[in-house]
Structure formats: C-alpha cells, structure tokens
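Working through the structure, step by step
Listed below are the residues making up each chain.
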Amino acid sequence: MEKSTMKSIYLYSIVAGLLLIPAAANAQLSATIKATSDYTFNGVSQTDNGPALQGSLDYGFDSGWYVGSFTSNVDFGGDDDTWLELDAYAGKVYQLSEQLNLDIGLAYYTYHGDSFSDDYNYPELYSKLGYDTSLGHSEAKLTYTWDYFGLGGGHYTMLLGHTISIAEGHDIRLSVDRSTSLDEDRWSWDGGKSFNHYRIAYMTDWSGFNFSLAAEDTSMNLDTSDERLVLSVSRQFML
C-alpha cells in the first residue's frame, strides 16, 4: 500500500474514532450540503470553471476542540481523471476574550479518481484570529504546508477578511489573500512565486437555506483564475 494512502487511512481512522465518542462528551454533530456554480480555492477553480456539489460533517466539543471532513467533486482538466476531493481536519478554538478568538488546526487534503490522484495528497497547518466589534467580524488567517500538492515544496497563504451586516440577515464579506510558493522549482503560480486573490460576497438566508453571491478575481492571467461570479446555496443540519 502506498505511503500517501496509508496516511489518508490513518487520519480518517482518527476522525472516525472521534466521531464515535458518546453524546455525553458534550459534543454537537452537524452536516452541511452545498451546491456552487464554481469551486474556487484561493481564487483558483478546482472544477475547471464548472459547478460543484459539496458536503461537510463537523463534530464540535464544548471545550473548543473539533474534528470534521469535507468533500467535493473536482476537475483539473486535460487527461487528469481526478474527480473527488476528500479532506479531514481537526483543531481547537481558544476564546481569548469576549471579542477575540484563535482557531488552530491541521487539515489533510486527499484526491481520488485516477491512478496517480493520491500523489496530490498533502497536509496543512492553519491558524485564524477572529475579532468581533460593533463594526462586524474581522479575521486574519495563515496556512502553511511543507508538501504542497505532494510535490515536496513549502507553500503558505495569508488572508485578511471582514464581514459587516448591512441589515438583519444580510451580510457583506470582503477579503484579500496572498498565496506564496517557497520553492518555484516545485510549484509556481503563472510563472511566479505569488499571486493575490480579491473577493467580495453578499450573504443571506431564506427558509433555512444560506445563499452567497461572490465576485472574485486574482492577479494571475489564467482561465481558471480570472474574474468571475460564484453563486452558492447551502443548508446545515444539526444531527
């Protein structure tokens, strides 16, 4: 059995084991189903500019610890038959004050469908600082991996975002992020080491469904990362 496959099985075994902890452990299980016109990851389409159906399962504890998983169809174009992404993550939220919180965790991305799809598998460390005021919710996020898409190169992203409420049940989120490769010989972005991603989204809900319409663009000149509108609808279920 290949090493990357063994890592995937090991990680999902841990997540599955935690999900079996009895309800007496003060935990809450939720599931989310989402349909989107395009699955963009830091501004780059993961579905060759096509739609995606996604799902997630999350288990949160009163202590701040959580585990979860995420899945989506993907399409990397060309002769690559990779069609499924399946991720797992675990972390803890620290409530530093009434307004300030820190989320630290580890994610593992896995890919399936072609004979070489699991070569893309990679881990990622992430941390997110959130701050709430009367002006809305601000966040700063940093991610880092030492094996981006299984190529053995370091890579990190930095994001700044802010969400404001324009009316009850109607929010606007603005964000900018920068992705940077630490080894251009292993991975580059449109011939360079970095690119910027800009996004503005309108969010609302109706009859239990959450809607989002986002406009986004990047500094790269690629068909899968140019300006676009992304419409998404999702629904969360408490289990």
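In this report, the structure presented in the accompanying data block is examined. (Residues numbered from 1 in each chain as written. Predicted model: local features only at pLDDT ≥ 70, side-chain atom pairs only at ≥ 80, totals over all residues. Heavy atoms only, no water.)

**Brief notes about the pairing of strand 6 (residues 84-95)**
On any regular strand, side chains alternate: one points to one face of the sheet, the next to the other face. Applicable threshold: Should DSSP find at least two bridges between two strands, the strands are taken to pair. Going along the chain from the N terminus, every DSSP run of H or I of four or more residues is numbered as a helix, and every run of E of two or more is numbered as a strand.
In this structure, strand 5 (residues 65-73) lies alongside strand 6, joined through nine bridges in antiparallel fashion. Bridged to Ser72 within strand 6 is Glu85. Turn length for the strand 6-strand 7 (residues 100-112) hairpin, with the two strands adjacent in sequence and antiparallel, is four residues.

**Considering the sheet that holds strand 4 (residues 52-61)**
Condition: Angles shown run from 0 to 180 degrees and are taken between the N-to-C directions of axes, each axis being a line fitted to C-alpha atoms and, for helices, limited to the stretch in contact.
Pairing within the closed barrel is antiparallel, and its 12 strands lie in the order 1-4-5-6-7-8-9-10-11-12-13-14. The sheet shows a mean angle of 20° between the axes of neighbouring strands, taken without regard to direction.

**Points about the pattern of salt bridges**
Which entries qualify depends on this criterion: Salt bridges are identified by distance alone: a Lys or Arg side-chain nitrogen within 4 Å of an Asp or Glu carboxyl oxygen. Burial here depends on accessible area, computed with a 1.4 Å probe over protein chains only, as a share of the maximum for the residue type. Under 20% is buried, over 50% is exposed, and the range in between is partly exposed.
According to the stated counting rule, one finds five salt bridges in the structure shown. Two residues, Glu139 and Arg173, come together in a salt bridge whose shortest N-O distance is 3.1 Å. With Glu139 in strand 9 (residues 136-145) and Arg173 in strand 11 (residues 170-181), this pair connects stretches of sequence that are 34 residues apart. For Glu139, a relative accessible area of 14% corresponds to the buried category. Residue Glu216 is joined to Arg199 by a salt bridge in which the shortest nitrogen-to-oxygen separation is 3.8 Å. Here Glu216, found in strand 13 (residues 209-218), pairs with Arg199, found in strand 12 (residues 194-206); they are 17 residues apart in sequence, far enough to count as distant. Ionic contacts of the salt-bridge type, sharing partners, join the residues Asp38, Asp226 and Arg228 into one network.

**Side note on the nonpolar core**
This is how the line gets drawn: In these notes, a set of buried Ala, Val, Leu, Ile, Met, Phe, Trp, Tyr and Cys residues joined through side-chain atoms within 4.5 Å is what counts as a nonpolar core. Between two residues, a contact is recorded if the distance between any of their heavy atoms is within 4.5 Å.
Grouped together as the largest cluster of nonpolar side chains are 18 residues, with contacts concentrated most on Tyr89, Tyr111, Tyr122, Phe149 and Trp189. Residue assignment for this core shows that the elements contributing at least two residues are strand 5, strand 7 and strand 8 (122-133). The element contributing the most residues to this core is strand 7, with three residues. In contact with Trp189, other than residues within four places in its own chain, are Val44, Tyr148, His155, Ser179, Ser181, Ser194, Phe195 and Met220.

**Some points on the side chain of Ser56**
Structurally, Ser56 is set in strand 4. A relative accessible area of 19% places Ser56 in the buried class. Other than its neighbours up to four places away in sequence, Ser56 contacts Ser30, Ala31, Thr32, Ser69, Phe70 and Tyr89.

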